[in-house]
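# Coordinate inspection notes
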Amino acid sequence: MSVTVRVPAKVNVQLAVGAARPDGFHDLANVFLAVSLHDEVTATPADELRITCSGPDAAQVPLDRTNLAARAAELLAARYGLEPRVHLHIAKDIPVAGGMAGGSADGAAALLACDALWGTGASRAELLEICAELGSDVPFSLVGGAALGTGRGEVLTPLPTGGTFHWVFAMADGGLSTPAVFREFDRLAAGTDVPVPEASEALLAALAAGDGAALAGALVNDLQPAALSLRPQLAATLDAGLGAGALAALVSGSGPTTAFLAADPESAEKIAASLLASGTCRTARTATSPAPGATVL
Ligand code: C5P
């Protein structure tokens, strides 16, 4: 018997970052939108905890206990006095270290899969608590849809969305380390007054209305200057997508994946083709949002 869970990637349509806190984290106003790029995690009973991974980027995925899927199984097992005797297979389609919460997605998916396999009967609130312990973005991977994340991003308020948004994602060669991007944010912000992060009313209204053009005008990522500082080549990718007719372009989360909002599916295909032809990215994919959170198949 095995259990498979499908889990979406995310893009941050607003990532407002406050000053560094004493614990090293940053307070955020983080508007998450789940997008239709997915990983699948299959949990099968085994003699001991084992992780395997397939997909084009599989070689970059750690298969040891640092993988959030392994940590999710261990945390759930410890809470219920079980041994994490499970083989977790990750079928990976979300870019690795790409700023799309791929690792967080695998953590949430593994948690849900092990929970179903072991029949723990954990409540949704308990699962969300374990997700928050795994990482700031993990609760959103469980919930999906659209949500405002406050605190370090783990305190979620679901948000209404009025329609489908069309995206193109350009994947870069190599990943960016999220802690390194936050450190660069701190370096660039040194000596300045960093405002308290707040969700943008215009952005929430655009999401609720399903208005792509209005959303395009409201997209903002405070980590973008830091990501561009560490990876200046991303500017050419952003320009290529805008030149191909994207309504707006931004770095996804801590990057280096870049995200392009398109007016409709046809425009998204055209932007993806132009990005590929531009030679400024490794690959380009279209996707839609919102997408449901982690789901048992
Ligand atoms: O929560 P998570 O483990 O995903 O965070 C990874 C790293 O990103 C943290 O160690 C921290 O350096 C940075 N981070 C932050 N502020 C947040 C979320 C993450 O500084 N709100």
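This one's a predicted model, so the numbers in the text were calculated from it and none came from an experiment. (Residues numbered from 1 in each chain as written. Predicted model: local features only at pLDDT ≥ 70, side-chain atom pairs only at ≥ 80, totals over all residues. Heavy atoms only, no water.)

### A few points about the nonpolar core
Generally speaking, soluble globular proteins have nonpolar side chains that are buried together. Put simply, the test is: Here, the term nonpolar core denotes a set of buried Ala, Val, Leu, Ile, Met, Phe, Trp, Tyr and Cys residues that are joined through side-chain atoms within 4.5 Å. Residue burial is assigned from relative accessible area. The probe radius is 1.4 Å, only protein chains are included, and a residue is buried under 20% of its type maximum, exposed over 50%, and partly exposed in between. By the criteria applied, helices consist of DSSP H or I runs no shorter than four residues and strands consist of E runs no shorter than two, each listed in order from the N terminus. What counts as a domain boundary in this text is fixed by an automatic or database domain assignment. Two residues qualify as a contact provided that any one of their heavy atoms is within 4.5 Å of a heavy atom in the partner residue.
Core analysis: the biggest nonpolar cluster contains 70 residues, and Val 13, Val 86, Leu 88, Trp 167, Phe 169, Leu 207 and Leu 215 have the highest contact counts within it. Among the elements that take part in this core, helix H2 (residues 102-118) stands out by supplying 10 residues, more than any other. No fewer than three residues from each of domain 1 (3-159) and domain 2 (165-289) sit in this core. The residues contacting Phe 169, other than those within four sequence positions of it, are Val 11, Val 35, Leu 37, Met 100, Thr 257, Thr 258, Ala 259, Thr 283, Ala 284, Arg 285 and Ala 287. Among the nonpolar cores identified, the runner-up in size contains 28 residues, and Ala 240, Phe 260, Ala 262 and Ala 268 belong to it.

### Structural notes on the site of the ligand
Filter applied, for reference: In this text, near means that some heavy atom of the residue lies within 4 Å of the molecule or strand in question. Polar contact criterion, stated in full: a pair of N or O atoms within 3.5 Å, where within protein one must be able to donate a hydrogen and the other to accept it, and residues adjacent in sequence count only if both atoms are side-chain atoms. For accessible areas, the Shrake-Rupley method is used with a probe of radius 1.4 Å. Any residue's cover is judged against the shown protein chains and nothing else. Any residue that is not Ala, Val, Leu, Ile, Met, Phe, Trp, Tyr, Cys, Pro, Asp, Glu, Lys or Arg is counted as polar, Gly included; the first ten are nonpolar and the last four charged.
Around the ligand sit Gly 24, Phe 25, His 26, Leu 28, Gly 135, Ser 136, Arg 152, Thr 178, Pro 179 and Phe 182, and that is every residue in its neighbourhood. Note that an oxygen atom of the ligand is positioned 2.7 Å from one of the side-chain N or O atoms of His 26. The contact in question runs from an oxygen atom of the ligand to an N or O atom on the side chain of Ser 136, over 2.6 Å. When the ligand sits alone it has 450 Å² of accessible area, and the protein chains cover 73% of it. The set of elements that each furnish at least two residues to the shell around the ligand consists of strand S2 (26-45) and helix H5 (178-189). Of the residues forming the shell around the ligand, the biggest block, 3 residues, is contributed by H5. Per-class residue counts for the shell around the ligand are 4 nonpolar, 5 polar and 1 charged. When residues are assigned to domains, the shell around the ligand turns out to be shared by domain 1 (3-159) and domain 2 (165-289), each giving three or more.

### Observations regarding the packing of helix H1 (residues 68-79) against H2
Stated precisely, the cut-off is as follows: Note on geometry: axes are lines fitted to C-alpha atoms, helical ones only across the stretch in contact, with angles between N-to-C directions running from 0 to 180 degrees. By convention, the crossing between two helices is left-handed when the near helix turns anticlockwise from the far helix through less than a right angle, and right-handed when the turn is clockwise.
Where H1 meets H2, the axes come as close as 7 Å, and the angle between the chain directions of the two elements is 35°. H2 is crossed by H1, and the crossing has right-handed handedness. Residues Leu 68, Ala 69, Ala 72, Ala 73, Leu 76 and Ala 77 of H1 form the contact with H2, whose own contacting residues are Gly 103, Ser 104, Asp 106, Gly 107, Ala 110, Leu 111, Cys 114, Asp 115 and Trp 118. Class assignment for the residues of the contact of H1 with H2 results in 10 nonpolar, 3 polar and 2 charged.

### A short note on the packing of aromatic side chains
So the rule is basically this: Ring pairs are drawn from Phe, Tyr and Trp, using the six-membered ring of Trp, whenever the two centres fall within 6.5 Å, and their geometry is named by plane angle: stacked under 30 degrees, edge-to-face over 60, tilted for the rest. A ring is considered to have a charge above it if a Lys NZ or an Arg CZ atom is located within 6 Å of its centre and within 35 degrees of its normal.
Evaluation of the coordinates by the stated rule reveals 2 aromatic pairs. Residues Phe 32 and Phe 140 carry aromatic rings whose centres are separated by 4.6 Å and whose planes lie at 10° to one another, so their mutual orientation is stacked. Of this pair, Phe 32 sits in strand S2 while Phe 140 is found in helix H4 (residues 138-143), placing the two residues 108 residues apart along the sequence. Exposure class is identical for Phe 32 and Phe 140. Each is buried. When the centroid spacing of 5.9 Å and the interplanar angle of 25° are considered together, the rings of Trp 167 and Phe 169 count as stacked. By relative accessible area, Phe 169 is classed as buried at 0%. Taking the ring centre of Phe 25 as reference, the NZ or CZ of Arg 152 above it sits at 5.3 Å.

### Quick notes on unusual backbone geometry
For the bond running from Gly 255 to Pro 256, omega is 5°, close enough to zero to count as cis. Examined against the element boundaries, Pro 256 turns out to sit in the loop between strand S9 (248-251) and strand S10 (258-262). The omega torsion across Ser 289 and Pro 290 is 0°, close enough to zero to call that bond cis. When you line up the elements, Pro 290 lands in the loop between strand S11 (283-289) and strand S12 (295-296). Positive phi outside glycine occurs at Ala 101, with the angle close to 65°. By the element assignment, Ala 101 lies in the loop between strand S4 (86-91) and H2.

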